[in-house]
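Listed below are the residues making up each chain.
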Amino acid sequence: MIHRVVTGAAGLLGSAVSRRLRRTEGRLLRTDVAEEAAFRSRLEHFLATATRAELYLAGSLSEPQDRIVPVTYAEAHAFAETVRTLGVPASLTFFTSTGGDVAHDAAMAAVEALARGFATEYAPAHITTRVAALGPLTVPIDDIARAVVALAGPEFDLATGATVPLHAHPPP
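Note that the coordinates shown come from a computational prediction; the quantities given were computed from them, not determined experimentally. (Residues numbered from 1 in each chain as written. Predicted model: local features only at pLDDT ≥ 70, side-chain atom pairs only at ≥ 80, totals over all residues. Heavy atoms only, no water.)

Enquirer: Quick one: what's the story with the overall build of the chain, residue by residue and with numbers?
Expert: Helices and strands together make up the secondary structure of the chain, namely five helices and six strands. Secondary structure elements in the chain, listed N-terminal to C-terminal, are β-α-β-α-β-α-β-α-β-α-β. Whereas a compact globule of 172 residues would reach a radius of gyration of roughly 16 Å, the chain reaches 15 Å, a difference of no more than 12%. A principal-axis box enclosing the C-alpha atoms of the chain has dimensions of 40 × 35 × 30 Å. Counting all 172 residues of the chain, 47% fall into the buried class. (Helix = DSSP H or I, 4+ residues; strand = E, 2+ residues; numbered from the N terminus. Rg over C-alpha atoms; globule rule 2.2 N^0.38 Å. Buried < 20%, exposed > 50% of the residue type's maximum accessible area, 1.4 Å probe, protein only.)

See the structure below:
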């Protein structure tokens, strides 16, 4: 059974992804993370019966700029180490956005670098990563959520470390 975790679940993107995931099979844990050790303990219990696990890191977009990278790293690291210990194949979907100031854009570039680093480090444990790079949103947030959920699925496991822009105009 697929177990999915959404961080930043109270935010705009996290709540849209959560709504989309509620329509799928599997278990869902919606959370806002404060501390890595407590999060890992919660994950160990939640993921104990998983056959696949997915983490949606929506929390980073709502963090203050100086906390984006440390919070994203702590969430991703806790999840990756937990699923590696459990021997569960998994995916981590990082989120970035454009259009901020220089500090914001630098933090987003660092998140993309984290995703590439995690892709290299955790690939032998069947843990993959992707980055959903949100540009100017010209489609409804629920359409973005649908794309993000598809991107996190096993069909895209070969795209580990990839950054996928999600800001296309809707079809005519």
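Enquirer: Report on the packing of aromatic side chains, specifying residues and quantitative values.
Expert: In total, this model carries three aromatic pairs according to the counting rule given. Joined through ring pairs, the aromatic side chains of Y73, F94, F118 and Y122 make up one cluster. (Phe/Tyr/Trp six-rings, centres within 6.5 Å; stacked < 30°, edge-to-face > 60°.)

Enquirer: Please set out the sheet that holds strand 4 (residues 90–97) residue by residue, giving values where relevant.
Expert: Taken together, the six strands give an open sheet; going across it, the order is 2-1-3-4-5-6, and neighbouring strands pair in parallel fashion. On the outer flanks of this sheet lie strand 2 (27–31) and strand 6 (162–166), each paired with one strand and no other. Averaged over all neighbouring strand pairs, the angle between strand axes comes to 20°, with direction disregarded. Across the sheet, helix 3 (residues 68–86) is in contact with strand 1 (2–7), strand 3 (52–57), strand 4 and strand 5 (127–134); its angle to strand 3 comes to roughly 180°. (Pairing = 2+ DSSP bridges. Axes fitted to C-alpha atoms, helices over the stretch in contact; angles between N-to-C directions. Contact = heavy atoms within 4.5 Å.)

Without other data, these values stay purely geometric and don't point to any function.
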